[in-house]
Amino acid sequence: MISLSRADILARLRAKIAAGTPIIGGGAGTGISAKAEEAGGIDLIVIYNSGRYRMAGRGSLAGLMAYGNANDIVVEMAREVLPVVKHTPVLAGVNGTDPFMLPDLFLDQLKAMGFAGVQNFPTVGLIDGTFRANLEETGMSYALEIEMIARAAKKDMLTTPYVFSSQDAAAMAKAGANIIVCHLGLTTGGSIGAETTLTLDDCIAHIDEWSAAALAVRDDIIVLCHGGPISMPKDAAYVLSRTRTCHGFYGASSMERLPTEKAIRQQVEAFGTISR
């Protein structure tokens, strides 16, 4: 795997923005997903614990449940993904609220392994209501994710955090985020996709509001969208053509689960039609 500096990666991405070409990032839960994404010309690959559950046939929100240590899992996944990626920056999803993580040591470990940067996942940003309030009150807050991003930025790692509000976007921009990813909820579609979701027009309004908040802090922020009803290329095209500032799309289920479900089913069905 070729090692790229944060400056080199950002130069690549800004060249795409200048050319009017969308930046495309994607999650990889397996080595074959990462290889196929790179072959398709993806700009960024992100691995985190939900990718393992997603490609095991479980919903992505399994990554927020107590089924395994998220930070240990991303290190395990790295041994499968990093060796097969040749020229694409790979980022690690880091659980910033993990009370047993030694943050500087862990970030240094990820960097030494070959990760170009980090994202905040699992994230409490996906949790709302009383449970979220209780997490914030008892020291398991989104502020710890902001702190993790700030630490990574100081280590010259690319930082691409998920944000869920204007407040989150501004805070992550202040922390040194290079890219903010506007998270619009669990991805719809397929056998285990969400059914409760925003509309595409709702997403556009949120992206415009959150990107404006980030850009008010720093005008060099790159903005991507992710999740909710933005699950297929046509959905992303609709959103990107209507938002004031959105430079591309980041997909997880959209990049590996949905295509896999469709392709394998169609292949089996095709074999089933063979005449004897």
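Values in this document were obtained by computation on a predicted structure and should not be read as measured data.

About the thresholds
Residues numbered from 1 in each chain as written. Predicted model: local features only at pLDDT ≥ 70, side-chain atom pairs only at ≥ 80, totals over all residues. Heavy atoms only, no water. Helix = DSSP H or I, 4+ residues; strand = E, 2+ residues; numbered from the N terminus. Buried < 20%, exposed > 50% of the residue type's maximum accessible area, 1.4 Å probe, protein only. Salt bridge = Lys/Arg side-chain N within 4 Å of Asp/Glu carboxyl O. Core = buried A, V, L, I, M, F, W, Y, C linked by side-chain atoms within 4.5 Å. Contact = heavy atoms within 4.5 Å. Right-handed = clockwise from strand over helix to strand, strands pointing away. Pairing = 2+ DSSP bridges. Phe/Tyr/Trp six-rings, centres within 6.5 Å; stacked < 30°, edge-to-face > 60°. Lys NZ or Arg CZ within 6 Å of the ring centre and 35° of its normal.

1. Description of the side chain of Asn-49
Okay, step 1: For Asn-49, the position within the fold is in helix H3 (residues 49-54).
Okay, step 2: A relative accessible area of 1% means that Asn-49 is categorised as buried.

2. So, the pattern of salt bridges
Okay, step 1: All chains considered together, the criterion is met by 15 salt bridges.
Okay, step 2: A salt bridge links Lys-234 to Asp-235; the shortest N-O distance between them is 3.3 Å.
Okay, step 3: In this structure Lys-234 comes out as exposed when scored by relative accessible area, which is 62%.
Okay, step 4: Several salt bridges converge on common partners, so that one network encompasses Asp-104, Asp-108, Glu-147, Arg-151 and Lys-155.

3. Some points on the nonpolar core
Okay, step 1: Counting 77 residues, the largest nonpolar core has Ile-47, Leu-110, Val-118, Ile-180 and Ile-230 as its most contacted members.
Okay, step 2: The element contributing the most residues to this core is helix H9 (residues 200-217), with seven residues.
Okay, step 3: In contact with Val-118, not counting residues within four places along its chain, are Leu-91, Ala-92, Val-94, Leu-107, Leu-110, Met-148, Ile-149, Ala-152, Met-157, Leu-158, Thr-159 and Thr-160.

4. Overview of the pairing of strand S2 (residues 44-47)
Looking along a regular strand, one sees side chains alternate from face to face of the sheet.
Okay, step 1: On S2, burial covers both faces: Leu-44 and Val-46 on one face and Ile-45 and Ile-47 on the other are all buried.
Okay, step 2: Running through helix H2 (residues 31-39), the crossover from strand S1 (residues 23-27) to the neighbouring parallel element S2 is right-handed.
Okay, step 3: Sheet topology places S2 next to strand S3 (residues 90-94); three bridges connect them, and they run parallel. The residue of S3 that forms the bridge with Ile-45 is Val-90.

5. So, the packing of aromatic side chains
Okay, step 1: Taken as a whole and assessed by the stated rule, the structure comprises five aromatic pairs.
Okay, step 2: Taking the centre distance of 6.1 Å and the plane angle of 75 degrees together, the rings of Tyr-53 and Tyr-67 count as edge-to-face. Remark: Tyr-67 occurs in the loop between H3 and helix H4 (70-81) and Tyr-53 occurs in helix H3; sequence separation between them is 14 residues.
Okay, step 3: Under the relative-accessibility criterion, Tyr-53 is labelled buried at 11%.
Okay, step 4: Ring centres of Tyr-162 and Tyr-250 lie 6.1 Å apart, and the angle between their planes is 50 degrees; on these two criteria the pair is classed as tilted. With Tyr-162 in strand S6 (residues 162-163) and Tyr-250 in strand S9 (residues 248-251), this pair connects stretches of sequence that are 88 residues apart. The burial state of Tyr-162 is the same as that of Tyr-250; both residues are buried.
Okay, step 5: Grouped by ring-pair contacts, the aromatic residues Tyr-48, Phe-121, Tyr-162 and Tyr-250 constitute a single cluster.
Okay, step 6: Of note, Arg-242 hangs over the ring of Tyr-238, and the distance from its end group to the ring centre comes to 3.7 Å.

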